[in-house]
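Residues per chain are reported as follows:
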Amino acid sequence: MLKMLKSQSRESSELENDMEVREVHVNGLSMKTSEVEAKLDEGNIQEAESSLREGLSLNFEEARALLGRLEYQRGNLEGALRVFDGIDLQAAIHRLQPSLSEKPPSSSRRRSSRGGESVHAVSQHAASLVLEAIYLKAKSLQKLGRVAEAAQECKSVLDAVERIFNNGIPDVLVDNKLQETVSKAVELLPELWKQAGCYQEAMAAYRRALLSQWNLDNECCARVQKGFALYLLYSGVEAGAPSLAVQIDGSYVPRNNLEEAILLLMILLRKFYLGKTKWDPSVMEHFAFAISLCGQTSVLARQLEEVLPGVLHRCDRWNTLALSYSAAGQNKAALNLLRKSLHKHEKPNDLPALLLAAKICSEDSLLASEGVEYARRAITNAQGMDEHLKGVGLRMLGLCLGKQAKISSSDLERSYLLSEALKSLDEAIVYERDNPDLIFELGIQYAEQRNSNAALRCAKQFIDATGGSILKGWRLLALVLSAQQRYSEAEVVTEAAIDETAKWEQEPLIRMKAKLKISQSLPMEAGETYRFLLALVQAQRKSFGPLRNISQIEDDKVSEFEVWQGLANLYSSLSHWRDAEICLEKARALKQYSATTLHTEGKI
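Rules used throughout
- Residues numbered from 1 in each chain as written.
- Predicted model: local features only at pLDDT ≥ 70, side-chain atom pairs only at ≥ 80, totals over all residues.
- Heavy atoms only, no water.
- Helix = DSSP H or I, 4+ residues; strand = E, 2+ residues; numbered from the N terminus.
- Salt bridge = Lys/Arg side-chain N within 4 Å of Asp/Glu carboxyl O.
- Buried < 20%, exposed > 50% of the residue type's maximum accessible area, 1.4 Å probe, protein only.
- Core = buried A, V, L, I, M, F, W, Y, C linked by side-chain atoms within 4.5 Å.
- 1 Å grid on protein atoms, 1.4 Å probe; cavity = no way out; pocket = protein on both sides within 12 Å on 5 of 7 lines; lining within 4 Å.
- Points joined across faces, edges and corners; volume = space filled by probe spheres on them.
- Contact = heavy atoms within 4.5 Å.
- pLDDT = per-residue confidence, 0-100.
- Expected span 1.5 Å × (residues − 1).
- Phe/Tyr/Trp six-rings, centres within 6.5 Å; stacked < 30°, edge-to-face > 60°.
- Lys NZ or Arg CZ within 6 Å of the ring centre and 35° of its normal.
- Patch = residues over 30% accessible without salt bridge, like charges linked within 9 Å, V, L, I, M, F, W, Y side chains within 5 Å.
- Areas by Shrake-Rupley, 256 points an atom, 1.4 Å probe, with all protein chains shown as cover.
- Axes fitted to C-alpha atoms, helices over the stretch in contact; angles between N-to-C directions.
- Parallel < 35°, antiparallel > 145°, perpendicular 65-115°, else oblique.
- Left-handed = near helix turned anticlockwise from the far one by under 90°.
- Nonpolar A, V, L, I, M, F, W, Y, C, P; charged D, E, K, R; others polar.
- Polar contact = N/O pair within 3.5 Å; in protein donor to acceptor, adjacent residues only side chain to side chain.

Per an unreviewed UniProt entry, the protein goes by Tetratricopeptide repeat and derives from Macleaya cordata.

K.L.:
Even after reading the chapter, I still don't get the environment of Ala539, so can you show me in this structure?
P.N.:
Tracing the backbone through its elements, the reader meets Ala539 in helix H27 (residues 523–544). Considering only alpha carbons, one finds Ala539 and Trp504, 35 residues apart in sequence, at a separation of 9.3 Å.

K.L.:
Would you mind showing me how to read the pattern of salt bridges here?
P.N.:
Here the idea is simple: oppositely charged side chains can pair when their charged atoms come close. Applying the stated rule across the entire model yields 31 salt bridges. One salt bridge in this structure joins Glu162 and Arg208, with 3.1 Å as the shortest N-O distance. Placement of Glu162 in helix H9 (residues 147–164) and of Arg208 in helix H11 (residues 199–211) is noted, with a sequence separation of 46 residues between them. Across the salt bridge formed by Arg270 and Glu306, the nearest N and O atoms sit 3.0 Å from each other. Note that Arg270 is positioned in helix H13 (residues 257–273) and Glu306 in helix H15 (residues 297–306), a separation of 36 residues in sequence. Classification of Arg270 by relative accessible area gives partly exposed; the value is 40%. For Glu306, a relative accessible area of 33% puts it in the partly exposed group. What emerges from the salt-bridge pattern is a single network uniting Lys155, Asp159, Glu162 and Arg208.

K.L.:
Teacher, can you tell me more about the nonpolar core here?
P.N.:
Generally speaking, soluble globular proteins have nonpolar side chains that are buried together. Counting 133 residues, the largest nonpolar core has Val186, Trp214, Met284, Phe287 and Tyr374 as its most contacted members. Grouped together as the second largest cluster of nonpolar side chains are 23 residues, Ala526, Trp564, Ala580 and Leu584 included.

K.L.:
I keep staring at the layout of surface pockets and nothing clicks. Help me out?
P.N.:
To find leftover empty space, one rolls a probe the size of a water molecule over the atoms. Estimated volume of the largest pocket: approximately 1,000 Å³. In this structure, the largest pocket is lined by 29 residues; those nearest its centre are Lys403, Phe440, Ile444, Lys472 and Arg475. Those elements that place two or more of their residues in the lining of the largest pocket are helix H20 (390–406), helix H22 (436–448), helix H24 (471–483) and helix H26 (507–519). The element contributing the most residues to the lining of the largest pocket is H24, with seven residues.

K.L.:
So what exactly am I meant to see when it comes to the side chain of Ser424 here?
P.N.:
Note that Ser424 resides in helix H21 (residues 411–431). For Ser424, a relative accessible area of 6% puts it in the buried group. Ser424 has contacts with Leu394, Leu397, Gly398 and Leu401, leaving out every residue within four places of it along the chain.

K.L.:
Mind showing me how you'd approach the confidence of the model for the protein here?
P.N.:
Predicted coordinates in regions of low pLDDT should not be interpreted in detail. Taken over all residues, the pLDDT of the protein has a mean of 81, while the share at 70 or more is 79%. Per-residue pLDDT, averaged within each element of the protein, yields its smallest value for helix H1 (residues 2–20) (39) and its largest for helix H18 (residues 351–361) (96). Every residue in residues 546–558 scores below 50 in pLDDT, and together they form eight contacts with partners more than four places removed in sequence or on other chains.

K.L.:
How do you make sense of H26 when you look at a structure like this?
P.N.:
Think of an α-helix as turning once every 3.6 residues; residues three or four places apart then point the same way. The terminal C-alpha atoms of H26, which comprises 13 residues, lie 19 Å apart, in line with the 18 Å expected from a rise of 1.5 Å per residue. H26 sits mainly inside the fold: 10 of its 13 residues count as buried. Taken residue by residue, H26 has Glu507, Pro508, Leu509, Ile510, Arg511, Met512, Lys513, Ala514, Leu516 and Lys517 as its buried positions. Following H26 by one or two positions, Ser521 has its phi on the positive side, about 60°.

K.L.:
Would you mind going over the packing of aromatic side chains with me for this structure?
P.N.:
Pairs of aromatic rings are described using the distance from one ring centre to the other and the angle between the two planes. As enumerated under the stated definition, the model contains five aromatic pairs in all. Geometrically, the ring pair formed by Tyr206 and Tyr231 is tilted, given 6.0 Å between the ring centres and 40° between the ring planes. Of this pair, Tyr206 sits in helix H11 while Tyr231 is found in helix H12 (residues 218–234), placing the two residues 25 residues apart along the sequence. Across this residue pair, the class does not change: Tyr206 and Tyr231 are buried. Taken together, a centroid distance of 5.3 Å and an interplanar angle of 50° make the contact between Phe440 and Phe462 tilted. Of this pair, Phe440 sits in helix H22 while Phe462 sits in helix H23 (residues 452–466); the two residues are 22 residues apart in sequence, bridging distant segments of the chain. For the pair formed by Phe440 and Phe462, the shared burial category is buried. Among the aromatic residues, ring-to-ring pairing joins Tyr206, Phe228 and Tyr231 into one connected group. It is Lys472 that lies over the ring of Phe440; its NZ or CZ is 4.6 Å from the centre.

K.L.:
Even after reading the chapter, I still don't get a nonpolar patch on the surface, so can you show me in this structure?
P.N.:
A contiguous nonpolar patch, built from Tyr234, Phe289 and Leu293 and spanning about 290 Å² of accessible area, is present on the exposed surface. Locating Phe289 in the fold gives a position in helix H14 (residues 281–294).

K.L.:
Sorry if this is basic, but what is going on with unusual backbone geometry here?
P.N.:
The bulk of non-glycine residues show a negative phi, and the bulk of peptide bonds are trans. One non-glycine residue with positive phi stands out, namely Asn215, at about 60°. As for its placement among the helices and strands, Asn215 is situated in the loop between H11 and H12. Relative accessible area serves as the criterion here: at 31%, Asn215 is assigned to the partly exposed category. Although it is not a glycine, Gln485 sits at a positive phi angle of roughly 60°.

K.L.:
Even after reading the chapter, I still don't get the packing of H18 against H20, so can you show me in this structure?
P.N.:
In contact at an axis separation of 9 Å, H18 and H20 are set at 25° when each is read in the N-to-C sense. In terms of their interaxial angle, H18 and H20 are classed as roughly parallel. As for the relative orientation of H18 and H20, their crossing is left-handed in sense. In this structure, H18 uses Leu355, Ala358, Lys359 and Cys361 to contact H20, whose residues at the interface are Val392, Gly393, Met396 and Cys400. Among the residues making up the contact of H18 with H20, the classes are represented as six nonpolar, one polar and one charged.

K.L.:
Even after reading the chapter, I still don't get the environment of Ile291, so can you show me in this structure?
P.N.:
Looking at where Ile291 falls in the secondary structure, it is placed in helix H14. Judged by its relative accessible area of 2%, Ile291 is buried. Once the C-alpha coordinates of Ile291 and Leu258 are considered, the two residues, 33 residues apart in sequence, prove to be 8.8 Å apart. Ile291 has contacts with Ile262, Gln296, Thr297, Val299 and Leu300, leaving out every residue within four places of it along the chain.

K.L.:
Where do I start with the side chain of Thr529 in this structure?
P.N.:
For Thr529, the position within the fold is in helix H27. When sequence neighbours within four positions are dropped, the list of residues in contact with Thr529 reads Ile510, Lys513, Ala514 and Lys517.

K.L.:
Explanation requested: H18 in the structure shown.
P.N.:
For H18, the buried fraction is high: nine of the 11 residues fall into the buried class. For H18, the full list of buried residues reads Leu351, Ala353, Leu354, Leu355, Leu356, Ala357, Ala358, Ile360 and Cys361. Buried residues belonging to H18 abut helix H16 (314–327), helix H17 (331–341), helix H19 (368–381) and H20. You can read the cap of H18 off the contacts: a side-chain oxygen lies 3.1 Å from the backbone nitrogen of Ala353, and it is on Asp350.

Dropping the structure here:
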């Protein structure tokens, strides 16, 4: 206890000594602050100012700037504002502009006298003092809740710098304190405008910070770019394209907030890769979010591949790459990465990776048995805080078992796998009772097992849960009604779904409508429906053009093939052999080897 008291006494005496010897250094002169602070405590601002001017050979603005800084450092914000209010910024700018606006050539500097260099240094230090004073005034106003006034003061700092340095801040022979003040003001201004609710002004401040010549270091510039990107992504304020004055001919101009944010984040990532700034993992997270909004996850994959080794854990990189490739429709590449991540020497029990691998396998009958193993491992590891994911694991297990049943070699095995799939999905309902996708998948399983009543119940539950806003629910309902030979009801459902569906999403419904017409022995109406469907498919392919990814192109080819094949079957049933042959030629051009095409040719 005695040692503690002695230690505290020693620390307090050292603090008192430090306070006693506090000094300010200006123009090669120094002065203790104790006398000045005593006069400030008494409210004698003019006397304190006179002491500084006499002791350090300062003009009025410089003395006021030093006094304001002292008050700010002592936490007396109101007092600091009173001192700062006496500074005439415009007069200071007018005085400093001639000495700082032009930089003499290097040969002249070498021949200049030491006195000339000293004058230049003094002018820079004076500019630094005055601009720092206005910056601290803005900070004081911000802390007092007067953010709109703070933003105006901060803006005046940058306006003053542009007036003093007409051609931008030089990258050499610049006072470090001056550059520090400018950098801080550049970062602070957009934040002040946001706090004041002036969102368009904040946008303008961000763009001014990035387009003007402030001589910012890489870290400061990266912080501004990140702040602007996040503001574009999450503020909900539409920025619009940059003004024509700053656009360069032939350069890319972002059309909206999302594009501009992605561009900024990609620039930041490039700086990280080149080692110009420190790695910030949150930038990659925001970039992933932005890319997912526009569905171009293959771009995210390319960025992840450029990350230097050692920055990200390799399993984390593999898992994120797998997620990106899976979203882009490249399931084979995604599964190969997950296999590496789930190797016994890496992270074999990583739950998200196991679930993603099971999901990918559930979409391919040939991979279903592998997916079953991933799903079972996921269920086993879904414990503690992750127990809520057990329902997802059971759902993936049910889907994989259902896919596995489709390629089973025996009826007994197929029946067993289907019953196990149904059992897993029923167990998953316990964990995810309100999950409409799970209800839909359960309905699919019931339909495949010919339990049409249960499938019909699930289809209606899915439509009720989603408000009828999802196309596949109406399709399932129409298919189940058709399986029960309730064709007229199925057609009514299909027509209602078409009326509520966007043009480019009507294709599967129109195809179903054509088949229902055939089932009702209405071949002429079915032919008209197929011709309309064909026109829709071809128009959709031309409209999307080169913007479609590979999976979309393949889907469109399959869709058009099925339309031509359906027309061929329809014409062959009507004995219109010439029309059927033309349709088969079109189908063969899209899909050369097809069992259905060969079967139709055999009939012809």
